[in-house]
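Below are the chains, spelled out letter by letter.
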Amino acid sequence: MIIFMKTARLFMILLIGTIILFSGCNNDDDPVTYTVTVTNDANGTAEADKATAEAGTIVKLTATAADGYIFEKWTVESGDITLSPDATTNPATFTMPANAVSVKAEFAAMPPDTYTITVTNDGNGTAKATIDDAEVTESLAGNTVTLTATPNTGYVLSKWTVESGGITFTDETANPATFTMPANAVSVKAEFAEVPKQYSIYLAISYNNAAYDMYISTLVNGVQTDLLPQGGSDAFSGSMTVSGGKTYVAASYFASSNGVTRACYWVDGAFTKLDGPVRVDETEPDHAQSIVVSDGKAYVAGLYMNNYKAVPCYWVDGVLNTLTLPDGASFGATYSIVVSGGKVYAAGYSYGSTRTPGYWDDGVFVPLDIPAGATFQVNDGGIGIAVADKVYVMGSYKLDSKNYPCVWADGTRTELSFDASANGGAIGKSMTVSGGKVYVSGYSVIDNRYKACFWVDGVRTDLDPPAGMYSMGNSIGVIDGKVYVGGSYFGTSYDYKPCYWFDGERTDLDIPTGGTQASIISMYVSE
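Residues numbered from 1 in each chain as written. Predicted model: local features only at pLDDT ≥ 70, side-chain atom pairs only at ≥ 80, totals over all residues. Heavy atoms only, no water.

1. With respect to the side chain of R279
Residue position: R279 is located in the loop between β22 (270-274) and β23 (286-294). When its relative accessible area of 6% is taken as the criterion, R279 is described as buried. There is a polar contact of 2.7 Å between the side chain of R279 and the side chain of D286. Each residue touching R279, except ones within four places of it in the same chain, is listed here: R262, E284, P285, D286, Y304, M305 and N306. (Helix = DSSP H or I, 4+ residues; strand = E, 2+ residues; numbered from the N terminus. Buried < 20%, exposed > 50% of the residue type's maximum accessible area, 1.4 Å probe, protein only. Polar contact = N/O pair within 3.5 Å; in protein donor to acceptor, adjacent residues only side chain to side chain. Contact = heavy atoms within 4.5 Å.)

Here it is in structure tokens:
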């Protein structure tokens with residue numbers, strides 16, 4: 001019994017010793033972890049993929065926004081960590097430090113929807129959209145968006161074209177223009193146009209007053225100048241050209257001393273009388289028909305009467321030059337003149353047994369053919385001459401009660417077309433040659449009524465008068481490929497009113513002060 005008790009006491013001592021030994025030793029293999037706390041601002045939820053973590057462990061944070069909100073950022077409330085890639089990324093990660101960490105997920109109200117604004121251009125300028133002067137490429141619905149275009153040099157904004165989006169403009173040509181942003185994307189294109197050239201328009205206008213007195217005035221960019229003959233009255237049958245910015249107008253008038261027709265011209269309103277030769281009968285008239293300027297000299301084509309016969313002539317700065325009639329001709333006249341290559345060309349006619357159209361080439365008459373039985377028109381039709389690669393002459397002849405306008409090129413005749421309804425044919429009044437093309441103005445004759453038109457290389461274009469009116473195209477020119485025609489329109493009472501067509505668009509003019517009817521007899525346009 002005594003031996004058993006001793007043995008039991010020894011066992012207890014050994015057991016207690018073992019317990020004390022083991023409880024007093026540290027176990028270095030046990031991990032140390034730290035708490036990860038994730039909170040939110042109540043506008044969403046957030047969590048970490050670990051509730052606790054050892055130092056050096058990668059912890060992932062994930063936020064989920066409530067309806068109407070979006071994740072904004074992570075706020076580190078404690079723990080001194082750095083979020084990767086940054087605090088605004090969701091999800092984000094961090095490396096666990098050797099201490100507890102607390103992170104808060106913050107959310108923001110979801111912004112209203114924005115819609116794209118696309119502004120393009122046609123390459124002739126630039127354009128942009130702005131809101132409150134700040135350039136934008138998107139906008140909330142309901143905002144006022146301003147579009148501003150910047151044209152390239154030589155261009156202006158033509159219009160804004162809505163390519164998509166369904167917006168409207170109060171004025172699609174306004175710059176700047178505004179629209180209200182809809183709840184959808186918008187695409188707008190800025191379209192540009194070349195700046196219209198500003199032209200100077202020179203007009204010579206013939207007009208009558210109630211007493212049938214006849215006048216000629218110039219209208220230069222809207223400024224009227226009456227051309228008054230010294231020692232005479234009633235200027236008529238004029239022609240105009242412009243050179244060096246000056247207007248040259250040739251015309252005829254009645255001398256106050258004896259009422260005889262005399263020739264003259266004006267340069268910017270300054271009068272010069274053109275004298276005929278010394279004649280036995282000083283009451284025989286002179287007429288000026290056409291004027292051009294070459295090397296600063298004024299050339300005027302016309303005629304004078306001698307022994308009651310018309311003599312073709314021209315004046316150079318007032319000096320008379322008489323043209324020789326061809327054999328067999330008893331009289332003639334010139335109606336158009338041009339100077340080219342140092343030579344003077346004057347178109348008109350000579351008369352033997354019939355009236356023969358033609359032109360004087362440096363004083364030598366060159367006849368032009370018309371069909372047998374035809375009569376060359378002088379009083380109704382115009383006669384024009386131009387020299388380019390060829391000598392071009394324009395005129396009209398009458399055959400079987402119908403008028404035929406035509407152009408001769410180095411003597412080869414080509415008739416100009418007219419509509420089948422023009423039972424009286426057509427009349428040519430003026431001609432010019434530009435860019436290798438021949439331009440002729442005139443009018444068709446329909447039941448003895450006139451309709452203005454022009455031809456380009458024989459192709460006719462009709463020019464519209466006001467409704468119910470008739471019209472004539474008396475003068476033609478070309479600038480920048482645009483055709484301009486000066487003339488008049490009138491009603492059944494032949495109350496002529498001046499007008500001109502520029503690139504097909506008619507401009508009606510007022511009759512000069514004191515006049516009752518008027519017509520443009522010459523027109524010139526320059527830049």
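2. Some remarks on the pairing of strand β36 (residues 426-434)
Looking at chain direction, β36 and strand β37 (residues 437-446) are connected through eight bridges and run antiparallel. Across the sheet, the residue bridging to V433 is V438, located in β37. (Pairing = 2+ DSSP bridges.)

3. Details of the packing of aromatic side chains
Summed over the entire model, instances satisfying the criterion amount to 21 aromatic pairs. On the numbers, 5.7 Å between centres and 75 degrees between planes, the contact of Y253 with F271 is edge-to-face. Of this pair, Y253 sits in strand β20 (residues 246-255) while F271 sits in strand β22, and the two are 18 residues apart along the sequence. Residues Y397 and Y404 carry aromatic rings whose centres are separated by 5.3 Å and whose planes lie at 20 degrees to one another, so their mutual orientation is stacked. Take Y404: its relative accessible area is 23%, and that puts it in the partly exposed class. Three or more aromatic residues link up through ring pairs in this structure, and these residues are Y443, Y450, Y470, F490 and Y496. Sitting over the ring of Y349, R355 keeps its end group 5.3 Å from the ring centre. (Phe/Tyr/Trp six-rings, centres within 6.5 Å; stacked < 30°, edge-to-face > 60°. Lys NZ or Arg CZ within 6 Å of the ring centre and 35° of its normal.)

4. Observations regarding the state of the cysteines
Applying the stated rule across the entire model yields zero disulfides. Looking at C453, it has no disulfide partner, and the nearest cysteine sulfur is the one in C499, 13 Å off. Here C453 falls in the buried class, since its relative accessible area comes to 0%. (Disulfide = S-S within 2.5 Å.)

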